[in-house]
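Descriptive analysis of the structure
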Amino acid sequence: MVSVSREDLIRRFLAGERNFYGTDIYLESDLSNLNLSGINMIGTALHELYLEGTNLSGANLSNAGMSMVNLENADFTNANLSGANLFLGYLSNANFTGANLTGANLSSAELKNANFSNANLSGVDFTDSNLHSANLSGTDLSGTIFGNTIMPDGSIQSSH
């Protein structure tokens, strides 16, 4: 895996590069409020990063390791997050409209007020997550795992 600093990522992205497949971003880098729409970060390691308010619409983050990442107010509209690991992620107010999260790990994630409208959530693991006031309208929840999950209405659900 190739490591890249925050500055290198921004410089390369602004120069038109979009393929960062398998890249490892340095821990505790602040990538907040950037426009990274359409970026390809398949299999990328993005642990313990700050991506608050970052535009990742149309991004390919399939199988990305993104545990303990702050993604509050991030935009994932039509992004591919299939198989991504967002364990312990902070994703309150994130926008996942039309995103593909098939088989993603969102266990122990903070997802208050997140918008999942028309997203594919099949096989997602929401164990111990907080979905209070999240929008799940039009989502595919087939095979989704809810274990001690706080649902949008505030109830706690544990079913598979």
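Reading the values: the criteria
- Throughout, residues of each chain are indexed from 1 in the direction in which the sequence is written.
- Side-chain atom pairs in this predicted model are given and counted only at pLDDT of 80 or more, local residue features only at pLDDT of at least 70, and totals for whole chains, interfaces and linings cover all residues.
- Neither water nor hydrogens contribute to the side-chain values; these are computed over all heavy atoms in the structure.
- Grid points spaced at 1 Å and placed over the protein atoms alone form the basis of the search, with a cavity being a set where a 1.4 Å probe fits but cannot get out and a pocket an open set showing protein on both sides within 12 Å along at least five of seven lines. Lining residues have an atom within 4 Å of a point.
- Grid points are joined across faces, edges and corners, and a volume is the space filled by probe spheres set on the points.
- Pairing between two strands requires that DSSP report at least two bridges joining them.
- In DSSP terms, a helix is any run of H or I states spanning at least four residues, a strand is any run of E spanning at least two, and both are numbered starting from the N terminus.
- For our purposes a nonpolar core is just a set of buried Ala, Val, Leu, Ile, Met, Phe, Trp, Tyr and Cys residues, chained together by side-chain atoms within 4.5 Å.
- Think of it in three bands: with a 1.4 Å probe and only protein chains considered, a residue is buried below 20% of the maximum accessible area for its type, exposed above 50%, and partly exposed in between.
- We call two residues contacting when some pair of their heavy atoms lies within 4.5 Å.
- A residue counts toward a patch only above 30% relative accessible area and without a salt bridge, and it is joined to like-charged neighbours within 9 Å or, for Val, Leu, Ile, Met, Phe, Trp and Tyr, to nonpolar neighbours within 5 Å.
- The Shrake-Rupley method, run with a 1.4 Å probe sphere, supplies the accessible areas, and residue values consider only the shown protein chains as cover.
- The term salt bridge refers to a side-chain nitrogen of Lys or Arg lying within 4 Å of a carboxyl oxygen of Asp or Glu.
- Side-chain rings of Phe, Tyr and Trp (the six-membered ring for Trp) are treated as a pair once their centres are within 6.5 Å; stacked means planes under 30 degrees apart, edge-to-face means over 60, and tilted covers the remaining angles.
- As a reminder, the over-ring test applies to NZ of lysine and CZ of arginine, requiring each to be within 6 Å of the ring centre and within 35 degrees of the ring normal.
- N or O atoms closer than or at 3.5 Å make up a polar contact, with two conditions inside protein: a donor-capable atom paired with an acceptor-capable one, and, for residues adjacent in sequence, both atoms drawn from side chains.

1. Remarks on empty space enclosed by the protein
With the rule as written, the count across this model stands at one cavity of 30 Å³ or more. Size it by volume and the largest cavity reaches roughly 40 Å³. Lining the largest cavity, in full, are L31, L36, M41, L46, L51, L56, L61, M66 and L71.

2. Here we look at the pairing of strand 3 (residues 146-150)
One ladder, built from three bridges, connects strand 3 with strand 4 (residues 156-159); its direction is antiparallel. The residue of strand 4 that forms the bridge with T149 is Q157. Hairpin connection of strand 3 to strand 4: five residues between the antiparallel strands, including G154 at a positive phi of 95°.

3. As for the nonpolar core
Membership of the largest hydrophobic core comes to 47 residues, with the highest contact counts inside it found for L61, L71, F76, L81, F96, L101 and F116. No other element matches helix 1 (residues 6-14), which puts three residues into this core. Once you skip the residues sitting within four places of it in the chain, F116 turns out to touch F96, L101, L111, L121, F126, L131, A134, N135, L136, S137 and T139.

4. Examining the side chain of T23
As for its placement among the helices and strands, T23 is situated in strand 2 (residues 23-25). Here T23 falls in the buried class, since its relative accessible area comes to 5%.

5. Observations concerning a nonpolar patch on the surface
Taken together, the side chains of M68, F87 and L88 make up a nonpolar region of the molecular surface, amounting to roughly 250 Å² of accessible area. Considering the arrangement of structural elements, one finds L88 in the loop between strand 2 and strand 3. Assessed through its relative accessible area of 40%, L88 is described here as partly exposed.

6. Side note on the pattern of salt bridges
Applying the stated criterion to the full structure yields three salt bridges. Of the charged contacts, one joins R12 and E17 as a salt bridge, the two residues approaching to 2.8 Å between their closest N and O atoms. Judged by its relative accessible area of 23%, R12 is partly exposed. With relative accessibility at 28%, the residue E17 sits in the partly exposed group. Of the charged contacts, one joins K112 and E110 as a salt bridge, the two residues approaching to 3.8 Å between their closest N and O atoms.

7. What to know about the packing of aromatic side chains
Enumeration over the complete set of coordinates arrives at four aromatic pairs. Measuring from centroid to centroid gives 4.9 Å for F76 and F96, while their planes differ by 5°, and the two rings are stacked. Here F96 lies in the loop between strand 2 and strand 3 and F76 lies in the loop between strand 2 and strand 3, a separation of 20 residues in the sequence. An identical accessibility class is assigned to F76 and F96; each is buried. Counting every residue linked through ring pairs, the aromatic cluster contains F76, F96, F116, F126 and F146. Sitting over the face of the ring of F13, R18 holds its NZ or CZ atom 3.7 Å from the ring centroid.

8. Remarks on the side chain of N70
Tracing the chain through its elements places N70 in the loop between strand 2 and strand 3. On the basis of relative accessible area, N70 is assigned to the buried category, the value being 17%. Of the polar contacts made by the side chain of N70, one reaches the side chain of E52; its length is 3.4 Å. Separated by 3.1 Å, the side chain of N70 and the backbone nitrogen of E72 make a polar contact. Not counting the four nearest positions on each side in its chain, N70 is found in contact with L49, Y50, L51, E52 and Y90.

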